[in-house]
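Each chain, written out:
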Amino acid sequence: MENNRVLRVTNVILLLTGYQIHWFETKSQRFRLSLPGVVNIFIMGCVYAACFSQHFDPSSSLLNLLKDVSPFLFKLTRMHLLLGVKAFAYAVYSSFRAVGAVNSLVESLPVRDRGVGKEEIAAYALLGSTFGILFCFGFYIAYEMKFELPPLQDARIGMALFLPHLVLAGTVRLYSILAWLTRGQLHHLKNSIDELLSANMLKEESNVASTSFTVTTSSSSIDNLESLRRQLDILGARFRYLFEALENSLVLLFVMNGNCLLGGIYSLIYYRNTWNVLFEDRKKRIFYAANASIYACIACDYFCLMIVQFSIKKERLSFLKCLDSALAKRNALPKKMRSLVKDIKAVLLSRFDSKFHSIWRFDIQQFTLLVFHQLIIISIIVVFHYLNDSILLLQEDLKSKDDE
């Protein structure tokens, strides 16, 4: 896998989606501020401002219909609109803030000139899977609409809700790619340390011909092991620095996703029970496809995050198992080398254990539990409003009967 090629493809995609305004230079191995990136984010900001203003147009038939049909969904849309403003602004700020952490981590990733392998294909899959799903749903909706553009006012309303999400979701893609490359470097360091330890295992049956030669070889091996330990420590420290630079963006994206899920589930339940009588079959299919795209894209982003977190954890556990195996043989390694192996183990235990604000561990179990709690809260809110609306409808029916 060639890291430069993966970073360049990632950089181009993040530039086009408005998350990054820096250009990756392969010679210097750094992200630098670029004029095209600044112009691109400025144009996107102007488009977003124009779309944002459409939500406050009193003549919008779509917004008036939404307000009459479901005041709660209208307020939810306004909440998402305000979250979108914060998300768009914070995404630009986060891009500036995180570039130092990104550059420092890229310095720890070696340049390997190799062909396209499985790991590089997996990196591209992590990068483009959500876009692929979004394209499939978009193409189907366009087909159902007979490839006709929607009214400009309605398109601007939808774009104002979608654009901040698209920009902020670049955090997931940037973190996923850099975490995947970090996993590859972690694997490389594990193999190097494993080979070094295996080559220096002392055997009781072996007869050493020259004491001076043995001391020289042992000293050279210790120096090499110390160098690998420093590389691992720097890699872990810079990876943690990257996570701390992106953690607030990931939390904000999680909140926005929760609001999207609440709106999607709420509208789906009410549509199937009440609103579907207002639409023809073709528009029903469009609604279901648009609604399903919300869950599919969010699930894909979460799946990519969990894939990289699982891969890093698996590689870390394999590394620790290798070190424990070497430490289990008490007389197999010199004391200095055993001390370095223990230091390497401490680095693995501390540096690659990501936690949000040093409280919540970022792994599959904790993240799944958090998503489960979010879905429970969403379900309670939807059930509450559904029952409340049903009670109000029943009261109106009883009043109409009493009047008769």
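Fair warning: this is a prediction, and the values are worked out from it, not measured in the lab. (Residues numbered from 1 in each chain as written. Predicted model: local features only at pLDDT ≥ 70, side-chain atom pairs only at ≥ 80, totals over all residues. Heavy atoms only, no water.)

Participant: Help me understand the layout of surface pockets in this model?
Facilitator: Empty space among the atoms becomes visible once a probe the size of a water molecule is rolled across them. The calculated volume of the second largest pocket comes to roughly 410 Å³. Along the wall of the second largest pocket there are 17 residues; nearest its centre are V69, Y266, Y270, D389 and S390. Mapped by element, the contributors of at least two residues to the lining of the second largest pocket are helix 4 (71–107), helix 8 (211–273) and helix 11 (364–403). With seven residues, the top contributor of residues to the lining of the second largest pocket is helix 11. (1 Å grid on protein atoms, 1.4 Å probe; cavity = no way out; pocket = protein on both sides within 12 Å on 5 of 7 lines; lining within 4 Å. Points joined across faces, edges and corners; volume = space filled by probe spheres on them. Helix = DSSP H or I, 4+ residues; strand = E, 2+ residues; numbered from the N terminus.)

Participant: Which parts of the structure should I look at to understand empty space enclosed by the protein?
Facilitator: All chains considered together, the criterion is met by one cavity of 30 Å³ or more. Volume-wise, the largest cavity comes out at about 50 Å³. Surrounding the largest cavity, Y19, Q20, H22, S95, A98, V99, V102 and L174 form its lining. Of all the elements, helix 4 adds the most residues to the lining of the largest cavity, at four residues. Taken together, the residues of the lining of the largest cavity break down into five nonpolar, three polar and no charged. (Nonpolar A, V, L, I, M, F, W, Y, C, P; charged D, E, K, R; others polar.)

Participant: Whenever I open this one, helix 2 (residues 35–54) confuses me. Can you help?
Facilitator: Each α-helix turn comprises 3.6 residues. Residues three or four places apart therefore point the same way. A rise of 1.5 Å per residue sets the reference length of helix 2, with its 20 residues, at 28 Å; its end C-alpha atoms lie 29 Å apart and thus fit the reference within 8%. Residues G37, I41, M44, Y48, C51 and Q54 constitute the buried set of helix 2. One side of helix 2 holds all its buried residues, which, seen down the axis, span an arc of 115°. Helix 2 presents L35 and F42 as exposed residues on the side facing more than 90 degrees away from its buried surface. Its buried side turned inward, helix 2 meets helix 1 (3–16), helix 3 (61–69), helix 4 and helix 6 (152–168). (Expected span 1.5 Å × (residues − 1). Buried < 20%, exposed > 50% of the residue type's maximum accessible area, 1.4 Å probe, protein only. Arc of directions from axis to C-beta. Contact = heavy atoms within 4.5 Å.)

Participant: What should I look at first to understand the environment of S176 in this one?
Facilitator: Tracing the sequence through the fold places S176 in helix 7 (residues 170–199). With sequence-adjacent residues up to four places away left out, S176 is seen in contact with L126, C304, L305 and V308.

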